[in-house]
Amino acid sequence: AQSVTQPDIHITVSEGASLELRCNYSYGATPYLFWYVQSPGQGLQLLLKYFSGDTLVQGIKGFEAEFKRSQSSFNLRKPSVHWSDAAEYFCAVGARGGSNYKLTFGKGTLLTVNP
Amino acid sequence: EPEVTQTPSHQVTQMGQEVILRCVPISNHLYFYWYRQILGQKVEFLVSFYNNEISEKSEIFDDQFSVERPDGSNFTLKIRSTKLEDSAMYFCASSSLKNTEAFFGQGTRLTVV
């Protein structure tokens with residue numbers, strides 16, 4: 001069964017600073033990988049996804065993530081954080097193939113942005 | 001931009017009562033899902049649905065839960081006899097193909113008192 005680990009429960013950065021949120025996954029084959037963002041009281045918005053091809057993927061709001069098979073990681077990065085990026089970020093892995101499709105989420109990383 | 005819509009946004013119910021959470025998936029999507037997020041915890045898969053039947057369900061999705069697509073547009077989650085521990089945010093999602101990204105609704109916050 002697949003699993004996702006987000007080792008950082010809470011991260012605080014200053015506005016304008018760079019950001020990296022860590023995500024490690026466990027899955028027997030090459031997975032589908034996602035980052036979602038959830039603002040307070042809101043739903044889940046897809047930031048970016050990796051299905052195949054280029055291991056560096058670009059997303060919305062200036063985010064990018066890099067799939068590293070050797071490290072089973074899919075870390076999310078942003079070069080300069082804005083105050084509006086404060087939210088909770090979830091990494092998720094989806095199973096390829098099979099008769100169904102479901103996402104397994106990590107526990108999330110809460111991002112606080114200081115002015 | 002097409003989106004998944006869920007109603008109501010917040011529902012309060014008494015323990016033991018039945019609740020129905022409603023979702024309107026994106027119109028050309030074929031795969032439907034329910035997830036839940038207990039406060040402070042991670043988002044958990046409940047069930048996937050395709051071609052008018054359940055494709056997969058988690059251990060959380062016991063006999064108290066059921067899903068239905070009653071009219072070709074709505075996708076509902078019913079909890080027959082709610083328990084306090086059913087209090088959570090419930091997310092509906094849909095995808096167009098089997099292995100493509102899922103689009104999530106805004107969620108329904110269910111509070112069981």
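This text goes with the structure placed above it.
The notes below deal with the structure included here. (Residues numbered from 1 in each chain as written. Chains lettered and ligands numbered in written order. Predicted model: local features only at pLDDT ≥ 70, side-chain atom pairs only at ≥ 80, totals over all residues. Heavy atoms only, no water.)

A separate point is the sheet that holds strand S7 (residues 65-68) of chain B. Residue and element names in this part refer to chain B. Read from one edge of the open sheet, four strands run S1-S3-S8-S7, paired in antiparallel fashion. Strands with a single pairing partner mark the edges of an open sheet, and in this sheet they are strand S1 (5-7) and S7. Mean inter-strand twist for the sheet, computed between neighbouring axes without regard to direction, equals 20 degrees. Here strand S3 (residues 19-24) pairs with strand S8 (residues 75-79) via five bridges, running antiparallel. Within S8, the residue paired with Val 19 across the bridge is Ile 79. (Pairing = 2+ DSSP bridges. Helix = DSSP H or I, 4+ residues; strand = E, 2+ residues; numbered from the N terminus. Axes fitted to C-alpha atoms, helices over the stretch in contact; angles between N-to-C directions.)

Before going further, it helps to spend a moment on the nonpolar core. All names here are of chain A. Ranked by internal contacts, the top residues of the largest apolar core, which has 26 residues, are Leu 19, Trp 35, Leu 47, Leu 48, Phe 74, Leu 76 and Tyr 89. Elements with a contribution of two residues or more to this core: strand S2 (10-14), strand S3 (19-21), strand S5 (32-38), strand S6 (45-50), strand S8 (64-68), strand S9 (73-78), strand S10 (87-94) and strand S12 (109-114). Take this core: its biggest share by element is four residues, from S10. With sequence-adjacent residues up to four places away left out, Leu 47 is seen in contact with Trp 35, Tyr 36, Val 37, Gly 59, Ile 60, Lys 61, Phe 63, Leu 76 and Tyr 89. (Core = buried A, V, L, I, M, F, W, Y, C linked by side-chain atoms within 4.5 Å. Buried < 20%, exposed > 50% of the residue type's maximum accessible area, 1.4 Å probe, protein only. Contact = heavy atoms within 4.5 Å.)

All right, on to unusual backbone geometry then. The amide bond that connects Thr 7 of chain B to the next residue, Pro 8 of chain B, takes the cis arrangement and shows omega of -10 degrees. Here the phi dihedral of Ser 72 of chain A falls at roughly 50 degrees; this positive angle occurs in a residue that is not glycine. Following the sequence through the fold, Ser 72 of chain A ends up in the loop between S8 and S9. A residue is classified by how much of its surface remains accessible, and Ser 72 of chain A, at 26% relative accessible area, is partly exposed. Positive phi values are uncommon outside glycine, yet Asn 51 of chain B reaches one of about 55 degrees. Position of Asn 51 of chain B among the secondary structure elements: in the loop between strand S5 (43-50) and strand S6 (53-57). Given a relative accessible area of 57%, Asn 51 of chain B falls into the exposed group.

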